[in-house]
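Examining the three-dimensional arrangement
The primary structure of each chain is shown beneath.
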Amino acid sequence: KTKKSMVRTIYSIKIWEEEQEIRILFHGDGFLYNMVRIMVGTLIEVGLHKLQSECIPEILAHKERKYAGETAPAQGVVLCQVHYE
C-alpha cells in the first residue's frame, strides 16, 4: 500500500467580523483531522498575544503539532462547501 500524503495546501484565509463574531474562512485542497481547529487556536493565541505573528512561519517549518497553538473547540466550526473535480 502507498501511504497517503499528509500535505495540504491552504490557498487563502479570510478573517472578518460579522454580527459581533469573528469569522474565518479557509480555502484549501483538503484538510486533515483537526487541522482547521489547530490553525484557529494558533490564530487566537496570536490575537491574545500569547504568540507573535512572526512565529507562524517557524511553526509551519517545524512540521510538528507540538509547536502550534491549542486546538480551538469544535463549537462554531462549520464546513460550508466541498468541490470535487
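Anyway, here's the lowdown on the structure attached to this text. (Residues numbered from 1 in each chain as written. Predicted model: local features only at pLDDT ≥ 70, side-chain atom pairs only at ≥ 80, totals over all residues. Heavy atoms only, no water.)

Concerning the environment of Ile-44
Test applied: To qualify as a helix, a DSSP run of H or I must reach at least 4 residues; to qualify as a strand, a run of E must reach at least 2; elements of each kind are numbered from the N terminus.
As for its position among the elements, Ile-44 is in helix H1 (residues 35-47). Sequence separation between Ile-44 and Glu-85 is 41 residues, and the spatial gap between their C-alpha atoms is 33 Å.

Notes on the pairing of strand S2 (residues 21-28)
What counts is decided by this rule: Two strands make a pair as long as DSSP finds a minimum of two bridges between them.
Pairing of strand S1 (residues 10-18) with S2, which is carried by 8 bridges, proceeds in the antiparallel orientation. Each bridged residue has a counterpart across the sheet, and for Ile-13 the counterpart in S2 is Phe-26.

Topic: a nonpolar patch on the surface
Note the cut-off: Patch members must show over 30% relative accessible area and no salt bridge, and they are joined within 9 Å when carrying like charges or within 5 Å when they are nonpolar side chains of Val, Leu, Ile, Met, Phe, Trp or Tyr. Shrake-Rupley sampling with a 1.4 Å probe provides the accessible areas, and residues are treated as covered by the protein chains on show and by no other component. What makes a salt bridge here is a side-chain nitrogen of Lys or Arg within 4 Å of a carboxyl oxygen of Asp or Glu, nothing more. Each residue is assigned to one of three classes by its accessible area relative to the maximum for its type, calculated with a 1.4 Å probe on protein chains only: buried under 20%, partly exposed between the two thresholds, exposed over 50%.
On the surface, a cluster of nonpolar side chains totalling about 300 Å² of accessible area is made up of Ile-13, Ile-15 and Ile-22. Tracing the backbone shows Ile-15 in strand S1. The class of Ile-15 is exposed, set by a relative accessible area of 53%.

So, the nonpolar core
Selection criterion: Here, nonpolar core refers to any group of buried Ala, Val, Leu, Ile, Met, Phe, Trp, Tyr and Cys residues whose side-chain atoms link them within 4.5 Å. Contacts between residues were defined by any pair of non-hydrogen atoms, one from each residue, lying within 4.5 Å.
Counting residues in each nonpolar core, the largest one holds 5 residues, listed as Ile-38, Val-46, Leu-51, Ile-59 and Ala-68. Residues contacting Leu-51, with those up to four places away along its chain left out, are Thr-42, Glu-45, Val-46 and Ile-59.

Focus on H1
Rules: Multiplying one less than the number of residues by 1.5 Å gives the expected span of a helix.
Across its 13 residues, H1 extends 19 Å between first and last C-alpha, which sits within 8% of the 18 Å expected from 1.5 Å per residue. Those residues of H1 that fall on the buried side of the exposure criterion are Met-35, Ile-38, Val-40, Gly-41, Thr-42, Glu-45 and Val-46. Elements that come into contact with the buried residues of H1 comprise S1, S2 and helix H2 (56-62). Phi for His-49, located one or two positions after H1, is positive at around 65 degrees.

Spatial relationships are all this shows, so hold off on functional conclusions.
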